[in-house]
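Structural features, examined
The lines below spell out each chain.
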Amino acid sequence: MERLLKLFGQWAGGEPVNIVKMAGAGSNREYYRLTAADGTTVVGVVGTSRDENHAFVYLSNHFTSRRLPVPQVLAVSDDELCYLQTDLGTMSLFDAVSGGRQAGGRYTLREKQLLVKTIRELPNVQIRGARGLDFSNCYPQPEFDVNSVLFDLNYFKYCFLKPTDLDFHELKLEANFHLFAKDLTAEKCDSFLYRDFQARNVMLDDNGNPWFIDFQGGRKGPYYYDLASFLWQASAKYPNKLRRELVYEYYNSLKNYTEVPSSRHFVDRLSLFVLFRTMQVLGAYGFRGYYEQKKHFIDSIPPAIQNLRELISTGNFPYPYMMDVLRRLTELPQFARIEQPAVNRADGYKVADTNVYKAHPQDGPATFSKYDGKGPLVVKVFSFSYRKGIPDDESGNGGGYVFDCRSTHNPGRYEPYKKLTGLDEPVIRFLEDDGEILTFLDSVYKLADAHVSRYIQRGFTSLMFCFGCTGGQHRSVYSAQHLAQHIHEKFGIEVHVVHREQGIKFKF
């Protein structure tokens, strides 16, 4: 700290009038916000690794010369163990989109716009930032290669896989690791691989423009890695639909900086890096969670396992033994899901192949409804005004749930929202900032999930949810829209939405 104060004094011409220690990153470096006499604030960094600090200083100077959105290094000590950089403020992308993350992946329009801005800016740093860059300054190595891949795969094996006590043939797994590493490094890439690209390492200015920090671990490598790292971060809870949109935005932005492969080739290559990154983070979670007993990393394991489970079910990876091990890993009791998916019949209907109910022997054989096994299920979701009555059920099966939203805070009582609806971002932000609607919907989702799951299993064809409020404009529209999206994304079934009082009809 003494060295940092001396460096600040040399740069500012006097001692700081205020010093605030900032939250630390993953390394051993310490961060301080220092305020000069004229009110200027800078960030001071004290590190224990000269090589790591040197990498950041070199990369920052290079990126600054390329006019990229990164903090500028203002002063460096002679031993390179501390330095000063411009202060980018306190609003990170991680904090700015926390509402969507806490709402289980229900990101608002504003939050999605911030994510799009960030993902479209990433190729600028990766491609333009790599031009003229001397990668020998990178730390701890200059390039993404087979050895670095094998290191991370073995990190996963020893820090996560082995502690689970899953039985596997080590030589067979090692052979597949080598094939995997060879494929990951098969294409020559001259781009800058950020390596730790995540929402915490993006700061936002007053206009919502992204600025990139903590890139000292970067090196030459494939641009797919950073996209996988960002979009498949387990705790971010990005819905699959949003992921696809952001991949599309990234791909189109990448075209502005370099020649790109076909979209099919791009997606195939990306899937390899998503699998690799998932295994890599599980290794880190295993070490930080199982060995160091850090709760944040232990809590991150279930969503990461779910990412792995989805990859296994949708991907076609040419590493049979490794994929068998990963599949058996996701099926271990400690990683079991609360609910299992319905079985897909050959005709496309999602129904169970056995009786979904367990009967006591004394009850005898069960009889079944004439509606069983008809499938597929179509869900209808309405918003309405109680003044105009509950929507009619056209299916003839008696309807379903009707939820009264009138107990929640009403934005329609405030002048700025009177002409808007629950589809408009200001109303969405009002409702989510208030929070009552989210608590209300959490209970609705639990009921809906259980009901939809059972209807799918039994092969029923119709289910109806209705949300009513005073005018059928704000709370009911918001609730209907979000439940419809939730059901469609979770179960992959057709959902019809009718905002009756707004005259809006569409389907997912």
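Residues numbered from 1 in each chain as written. Predicted model: local features only at pLDDT ≥ 70, side-chain atom pairs only at ≥ 80, totals over all residues. Heavy atoms only, no water.

Moving on, we come to a nonpolar patch on the surface. A contiguous nonpolar patch, built from Met 1, Leu 5 and Ile 19 and spanning about 220 Å² of accessible area, is present on the exposed surface. Mapped onto the secondary structure, Leu 5 falls in helix 1 (residues 2-12). (Patch = residues over 30% accessible without salt bridge, like charges linked within 9 Å, V, L, I, M, F, W, Y side chains within 5 Å. Areas by Shrake-Rupley, 256 points an atom, 1.4 Å probe, with all protein chains shown as cover. Salt bridge = Lys/Arg side-chain N within 4 Å of Asp/Glu carboxyl O. Helix = DSSP H or I, 4+ residues; strand = E, 2+ residues; numbered from the N terminus.)

This part takes up the nonpolar core. One finds Phe 180, Phe 192, Phe 266, Leu 275, Met 322 and Leu 329 to be the most contacted residues of the largest nonpolar core, which totals 91 residues. Tallying contributions element by element places helix 10 (residues 263-291) first for this core, with 11 residues. With residues near it in sequence (within four places) discarded, Met 322 still touches Leu 173, Asn 176, Phe 177, Phe 180, Leu 275 and Met 279. With 34 residues, the next largest nonpolar core counts Val 381, Cys 405, Ile 437 and Ala 480 among its residues. (Core = buried A, V, L, I, M, F, W, Y, C linked by side-chain atoms within 4.5 Å. Buried < 20%, exposed > 50% of the residue type's maximum accessible area, 1.4 Å probe, protein only. Contact = heavy atoms within 4.5 Å.)

Here the focus is the sheet that holds strand 11 (residues 401-404). Pairing in this open sheet of five strands is mixed, and the strands run 11-12-10-13-14 from one edge to the other. The sheet is open, and its two edges are formed by strand 11 and strand 14 (504-507), each paired on a single side. Across this sheet, the average inter-strand angle for adjacent strands is 15°, counted without regard to direction. Running over the sheet, helix 15 (residues 475-491) touches strand 10 (378-385), strand 12 (462-469), strand 13 (494-499) and strand 14 and is turned about 155° from strand 12. (Pairing = 2+ DSSP bridges. Axes fitted to C-alpha atoms, helices over the stretch in contact; angles between N-to-C directions.)

The geometry of an aromatic ring pair is captured by two quantities: the separation of the ring centres and the angle between the planes. Evaluation of the coordinates by the stated rule reveals 38 aromatic pairs. With 6.0 Å between their ring centres and 65° between their planes, Phe 144 and Tyr 225 make a pair best called edge-to-face. Separated by 81 residues along the polypeptide, Phe 144 in the loop between helix 5 (109-128) and helix 6 (146-161) and Tyr 225 in helix 8 (residues 224-231) bring together distant segments of the chain. By the burial criterion, Phe 144 is buried, and Tyr 225 matches it. Each ring, one from Phe 180 and one from Phe 276, has its centre 6.3 Å from the other, and the planes form 80°; the classification is edge-to-face. Of this pair, Phe 180 sits in helix 7 (residues 170-184) while Phe 276 sits in helix 10, placing them 96 residues apart in sequence. Each of the two residues, Phe 180 as well as Phe 276, counts as buried. Members of the aromatic cluster, connected to one another through ring pairs, are Phe 56, Phe 63, Tyr 83, Tyr 107, Phe 192, Tyr 194, Phe 197, Phe 212, Phe 215, Phe 230 and Tyr 238. Stacked on the ring of Phe 94, the Lys or Arg Arg 101 has its end atom at 3.6 Å from the ring centre. The lysine or arginine in question, Arg 406, covers the ring of Tyr 386, its NZ or CZ lying 3.8 Å from the ring centre. (Phe/Tyr/Trp six-rings, centres within 6.5 Å; stacked < 30°, edge-to-face > 60°. Lys NZ or Arg CZ within 6 Å of the ring centre and 35° of its normal.)

Right, let's talk about unusual backbone geometry for a bit. Here the residue pair Tyr 139 and Pro 140 is connected by a cis peptide bond, since its omega of 5° sits within 30 degrees of zero. As for its position among the elements, Pro 140 is in the loop between helix 5 and helix 6. Although it is not a glycine, Arg 67 sits at a positive phi angle of roughly 60°. Structurally, Arg 67 is set in the loop between helix 2 (50-65) and strand 4 (73-76).

Further remarks concern the side chain of Glu 80. For Glu 80, the location among the structural elements is in the loop between strand 4 and strand 5 (82-86). Glu 80 gets classed as buried once you look at its relative accessible area, which sits at 15%. Among the polar contacts listed, one links the side chain of Glu 80 to the side chain of Arg 50, at a separation of 2.8 Å. In terms of polar contacts, Glu 80 uses its side chain to reach the side chain of His 54, at 3.0 Å. Setting aside residues up to four positions removed in sequence, Glu 80 forms contacts with Arg 50, Asn 53 and His 54. (Polar contact = N/O pair within 3.5 Å; in protein donor to acceptor, adjacent residues only side chain to side chain.)

As summarised here, the arrangement of the five strands in space is 1-2-3-5-4, forming an open sheet in which the pairing is antiparallel. Both edges of this open sheet fall to strand 1 (18-21) and strand 4, since each of them pairs with a single strand only. Going from strand to strand, the sheet's axes swing by 25° on average, the running direction of each strand aside. By the bridge criterion, four bridges tie strand 1 to strand 2 (residues 30-35) in an arrangement that is antiparallel. Each residue of the ladder has a partner; that of Lys 21, found in strand 2, is Tyr 32. Contacts between helix 1 and the sheet are confined to strand 1, strand 2, strand 3 (41-46), strand 4 and strand 5, with strand 5 contributing the most and set at about 50° to the helix.

In short, shape yes, function no, at least from these values alone.
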